[in-house]
Amino acid sequence: MPRRTLSQRVGSLGHRIAAAKFERLGTWVVRNQEEDVGIDMEAELCDPDPIASFLKCQIKSFSGVAVAKPVRLKNEFLRYAYECRIPVILVQVETRSGDGWFCWLQGCIEISRLQNLIYASETTHTTIAAEWLSPLDQVGNERLKTIARGIDPISRATQIRD
């Protein structure tokens, strides 16, 4: 009989914790993605009612010390995120403590000037530094709301880019 690996258990638990963290912030409706092509979850801003402002979330989980860690992502996924017209958020969850962090990928790529790296044919992965991750808490929630609404200064710059 097949068994779930530790990695699968941590990933599954992390997904549930991430969804619960968004729900507890009080301004998001969370939907799991049926077909996972790098996007694990969608969050729609409800402040107080749904307003068709969305975040697409890639969830990465780990079990250990409750401190944000660097995350290695495939460049193929980062190119997808960069070209996506809906904000794509990396959500990192430590499963023992339930602590979480986020990084807005399009903004991170713009600010850190990662375009050449993610489009380079000689590299397959890029590391999102731990210092680029912000706590998934009420303060972080205010930033997430500006990102979802498209009123963050970086999101305005990316709209001009397109």
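The following paragraphs examine the structure supplied in this document. (Residues numbered from 1 in each chain as written. Predicted model: local features only at pLDDT ≥ 70, side-chain atom pairs only at ≥ 80, totals over all residues. Heavy atoms only, no water.)

1. Here we look at the overall build of the protein
Right, on to step 1. When helices and strands are counted, the protein shows 6 helices and 8 strands.
Right, on to step 2. Against the 2.2 N^0.38 benchmark of 15 Å for 162 residues, the protein shows a C-alpha radius of gyration of 15 Å, consistent with a compact globule.
Right, on to step 3. Projected onto the principal axes, the alpha-carbon positions of the protein cover approximately 50 × 45 × 30 Å.
Right, on to step 4. Here the protein, with 162 residues, has 47% of them falling under the buried criterion.
Right, on to step 5. Intrachain contacts of the protein at a sequence separation of at least 6 include 62% that bridge at least 24 residues.
Right, on to step 6. When the accessible surface of the protein is summed, it comes to about 9000 Å², and 52% of that surface belongs to carbon and sulfur atoms. (Helix = DSSP H or I, 4+ residues; strand = E, 2+ residues; numbered from the N terminus. Rg over C-alpha atoms; globule rule 2.2 N^0.38 Å. Buried < 20%, exposed > 50% of the residue type's maximum accessible area, 1.4 Å probe, protein only. Contact = heavy atoms within 4.5 Å. Areas by Shrake-Rupley, 256 points an atom, 1.4 Å probe, with all protein chains shown as cover.)

2. Remarks on the layout of surface pockets
Right, on to step 1. Empty space within the second largest pocket amounts to approximately 240 Å³.
Right, on to step 2. Contributing elements (two or more residues each) for the lining of the second largest pocket: β3 (50-62), β4 (71-74) and α2 (75-83).
Right, on to step 3. The residue inventory of the lining of the second largest pocket, partitioned by class, reads 3 nonpolar, 3 polar and 6 charged. (1 Å grid on protein atoms, 1.4 Å probe; cavity = no way out; pocket = protein on both sides within 12 Å on 5 of 7 lines; lining within 4 Å. Points joined across faces, edges and corners; volume = space filled by probe spheres on them. Nonpolar A, V, L, I, M, F, W, Y, C, P; charged D, E, K, R; others polar.)

3. Regarding the side chain of Glu44
Right, on to step 1. Summarising the element assignment, Glu44 is placed in strand β2 (residues 41-46).
Right, on to step 2. Residue Glu44 is classed as buried on the basis of its relative accessible area, which comes to 8%.
Right, on to step 3. A polar side-chain atom of Glu44 sits 2.6 Å from a polar atom in the side chain of Arg31.
Right, on to step 4. Every residue in contact with Glu44, bar those within four places of it in the chain, is listed here: Thr27, Trp28, Val29, Arg31, Pro50, Ile51, Ala52, Ser53 and Phe54. (Polar contact = N/O pair within 3.5 Å; in protein donor to acceptor, adjacent residues only side chain to side chain.)

4. Some points on the pattern of salt bridges
Right, on to step 1. Summed over the entire model, instances satisfying the criterion amount to 7 salt bridges.
Right, on to step 2. Among the ionic pairs, Glu42 bridges to Arg31, the shortest N-O distance being 3.2 Å. In this pair, Glu42 is assigned in strand β2 and Arg31 in strand β1 (residues 28-32), connecting sequence segments 11 residues apart.
Right, on to step 3. Accessibility expressed as a relative area gives 33% for Arg31, which makes it partly exposed.
Right, on to step 4. The closest approach of N and O atoms between Lys56 and Glu42, which form a salt bridge, is 2.7 Å. Taken as a pair, Lys56 in strand β3 and Glu42 in strand β2 lie far apart in primary sequence, 14 residues in all.
Right, on to step 5. Assessed through its relative accessible area of 12%, Glu42 is described here as buried.
Right, on to step 6. A single network of salt bridges, built from pairs that share partners, joins Arg31, Glu42, Glu44 and Lys56. (Salt bridge = Lys/Arg side-chain N within 4 Å of Asp/Glu carboxyl O.)

5. Side note on the pairing of β4
Side-chain direction in a regular strand flips from residue to residue, so the side chains alternate between the two faces of the sheet.
Right, on to step 1. Judged by which residues are buried, β4 turns out to be one-sided: Val71 and Leu73 face inward and are buried, whereas Arg72 and Lys74, on the alternate face, are not.
Right, on to step 2. Where β4 meets strand β7 (residues 125-128), 4 bridges bridge the pair, whose relative direction is antiparallel. Looking at β7, one finds that Leu73 is bridged to Thr126. (Pairing = 2+ DSSP bridges.)

6. Describing the pairing of β2
Right, on to step 1. Most of β2 sits inside the fold, with 6 of its 6 residues counted as buried.
Right, on to step 2. Pairing of β1 with β2 involves 5 bridges; the strand directions are antiparallel. Across the sheet, residue Arg31 finds its bridge partner in β2, namely Glu42.
Right, on to step 3. In this sheet, β3 lies alongside β2 in antiparallel orientation, the contact comprising 5 bridges. Looking at the pairing, Glu42 lines up with Lys56 of β3.
Right, on to step 4. Connecting β2 to the next strand, β3, in antiparallel fashion are 3 residues.

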